[in-house]
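Each chain, letter by letter, is given below.
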Amino acid sequence: MDTTLTLGELGWLIIGIAVIVLLIYIIMLVRSLIPTVKKMNEVLEDVQAITHVASETTETLQHAIGNMSESTSILYQSIKGNQNVIAALTSLINAITSLKNIVSRIFEK
């Protein structure tokens with residue numbers, strides 16, 4: 001039994017084999033990318049958690065800095081004789097307490 005192949009049929013056969021090989025490589029590539037994508041999602045979740053903690057800490061520090069600034073201003077005005085010394089010291093103690101709470105929160109995490 002003799003089979004005759006024309007050049008056109010041989011070309012289509014080669015193209016078909018090439019497409020099958022290409023599909024196999026694409027399947028292997030997708031299989032190797034799945035664990036990478038899962039790991040990247042874990043990393044992005046960690047980054048989101050870290051960003052959230054940093055944002056909270058920054059907001060707390062801004063509040064404490066505002067308290068310290070206000071206390072310093074009150075103390076300055078008190079020294080100039082514009083306000084009561086007791087009120088100035090109370091504000092300063094409140095600001096220091098707020099700063100202590102911030103530092104303790106940072107080191108608890």
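On a predicted model such as this, the values are computed, not experimentally measured, just so you know.

A. Representation of the overall build of the chain. Across its full length, the chain carries 2 helices and 0 strands. For a compact globule of 109 residues, the expected C-alpha radius of gyration is about 13 Å, and the chain comes in at 35 Å, more than 25% above that figure. Along the three orthogonal principal directions, the C-alpha set of the chain runs to about 115 × 25 × 10 Å. Looking at the chain as a whole, 8% of its 109 residues qualify as buried. Only carbon and sulfur atoms are counted for the fraction: they give 68% of the accessible area of the chain, which is about 9300 Å². Charge-centre separation for the chain: the mean point of 7 positive side chains lies 15 Å from the mean point of 9 negative side chains.

B. Geometry of a nonpolar patch on the surface. Side chains of Leu5, Leu7, Leu10, Leu13, Ile14, Ile17, Ile20, Val21, Ile24, Tyr25 and Met28 sit close together on the surface and give an oily, nonpolar patch of about 1100 Å² of accessible area. Note on placement: Ile14 falls in helix H1 (residues 7-79). Taking relative accessible area as the criterion, Ile14 reaches 53% and is therefore assigned exposed.

C. Fine view of the environment of Val53. With respect to the helices, strands and loops of the structure, Val53 is situated in helix H1. Sequence separation between Val53 and Ile74 is 21 residues; the distance between their C-alpha atoms is 32 Å.

D. Expanded view of the side chain of Ser98. Counting through the fold element by element, Ser98 comes out in helix H2 (residues 85-108). Owing to a relative accessible area of 15%, Ser98 belongs among the buried residues under this scheme. Not counting the four nearest positions on each side in its chain, Ser98 is found in contact with His63, Ala64 and Asn67.

E. Spatial organisation of the environment of Gly16. Position of Gly16 relative to the elements: it lies in helix H1. Residue classification places Gly16 among the partly exposed residues on the basis of a relative accessible area of 30%.

About the cut-offs
Position labels on residues start from 1 in each chain and follow its written sequence. For this predicted model, a pLDDT threshold of at least 70 governs which residues receive local features, and a threshold of 80 or more governs which side-chain atom pairs are given and counted, while totals over whole chains, interfaces and linings are taken from all residues. Side-chain measures here rest on the full set of heavy atoms in the structure, leaving out hydrogens and waters. Each helix corresponds to a stretch of at least 4 residues labelled H or I by DSSP, and each strand to a stretch of at least 2 residues labelled E; elements are numbered beginning at the N terminus. Computation of the radius of gyration draws on C-alpha atoms, with the globule rule given as 2.2 Å multiplied by the number of residues to the power 0.38. Exposure classes here rest on a 1.4 Å probe applied to the protein chains alone. A residue is buried below 20% of its type maximum, exposed above 50%, and partly exposed in between. Note on areas: Shrake-Rupley, 1.4 Å probe, and residue coverage restricted to the protein chains presented here. For the purpose of counting charges, residues Lys and Arg are taken to be positive, whereas Asp and Glu are taken to be negative. His and the chain ends are not included. Every charge is mapped to an atom, namely NZ of Lys, CZ of Arg, CG of Asp or CD of Glu. Exposure above 30% relative accessible area and the lack of any salt bridge qualify a residue for a patch; like charges then connect within 9 Å, and the nonpolar side chains Val, Leu, Ile, Met, Phe, Trp and Tyr within 5 Å. Any Lys or Arg side-chain nitrogen found within 4 Å of a carboxyl oxygen on Asp or Glu counts as a salt bridge. Whether two residues touch is decided by their heavy atoms; if any such pair falls within 4.5 Å, the residues are in contact.

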